[in-house]
Amino acid sequence: MYIVRLEVGVWLAEGAGDPSRTTLEPNAKLFNKFTEAKAALKLARVFRPFVNARIIEV
């Protein structure tokens, strides 16, 4: 399982937004595959560059 950290203390989440974010790691959206997390990060970067984003295995 993987989560996407967009910035320090900010994770990609389920829901509406540009992209939807949370400051609570337990509420981060879980991805089954690395490629799914990578695709979600690519979509998030359409709105903001998130130059320090990381995909983290949990």
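Residues numbered from 1 in each chain as written. Predicted model: local features only at pLDDT ≥ 70, side-chain atom pairs only at ≥ 80, totals over all residues. Heavy atoms only, no water.

Undergrad: For the overall build of the chain, give the residues involved together with the corresponding values.
TA: Within the chain one finds 1 helix and 4 strands. Written out in order from the N terminus, the α and β elements of the chain read β-β-β-α-β. For 58 residues, the compact-globule estimate of 2.2 N^0.38 gives 10 Å, and the chain sits close to it at 10 Å. Based on the C-alpha atoms only, the size of the chain along its principal axes is roughly 25 × 20 × 20 Å. Every one of the 58 residues in the chain was classed for burial, and the buried ones make up 33%. Taking contacts inside the chain between residues at least 6 apart in sequence as the whole, the part at least 24 apart equals 53%. (Helix = DSSP H or I, 4+ residues; strand = E, 2+ residues; numbered from the N terminus. Rg over C-alpha atoms; globule rule 2.2 N^0.38 Å. Buried < 20%, exposed > 50% of the residue type's maximum accessible area, 1.4 Å probe, protein only. Contact = heavy atoms within 4.5 Å.)

Undergrad: Which residues make up the layout of surface pockets, and what values go with them?
TA: The calculated volume of the largest pocket comes to roughly 210 Å³. In terms of lining residues, the largest pocket is bounded by 13 residues, among which L12, A13, P19, K29 and A40 are the most central. Considering only residue class, the lining of the largest pocket consists of 9 nonpolar, 3 polar and 1 charged. (1 Å grid on protein atoms, 1.4 Å probe; cavity = no way out; pocket = protein on both sides within 12 Å on 5 of 7 lines; lining within 4 Å. Points joined across faces, edges and corners; volume = space filled by probe spheres on them. Nonpolar A, V, L, I, M, F, W, Y, C, P; charged D, E, K, R; others polar.)

Undergrad: Lay out the environment of L30 in plain terms, naming residues and giving numbers.
TA: Tracing the backbone shows L30 in the loop between β3 (21–22) and α1 (34–44). Its relative accessible area of 49% is what places L30 among the partly exposed residues. On a C-alpha basis, the gap between L30 and I3 in space is 5.3 Å, while along the polypeptide they are 27 residues apart. For L30, the residues in contact, after removing those within four places along its chain, are M1, Y2, I3 and V58.

Undergrad: So, the environment of A40: which residues are in play, and what are the values?
TA: Among the secondary structure elements, A40 is positioned in helix α1. Its relative accessible area of 14% is what places A40 among the buried residues. The spacing of A40 and E14 is 26 residues in sequence and 11 Å in space, taken between C-alpha atoms. Setting aside residues no more than four positions away along its own chain, A40 makes contact with L12 and F31.

Any functional reading would require information beyond the geometric quantities listed.
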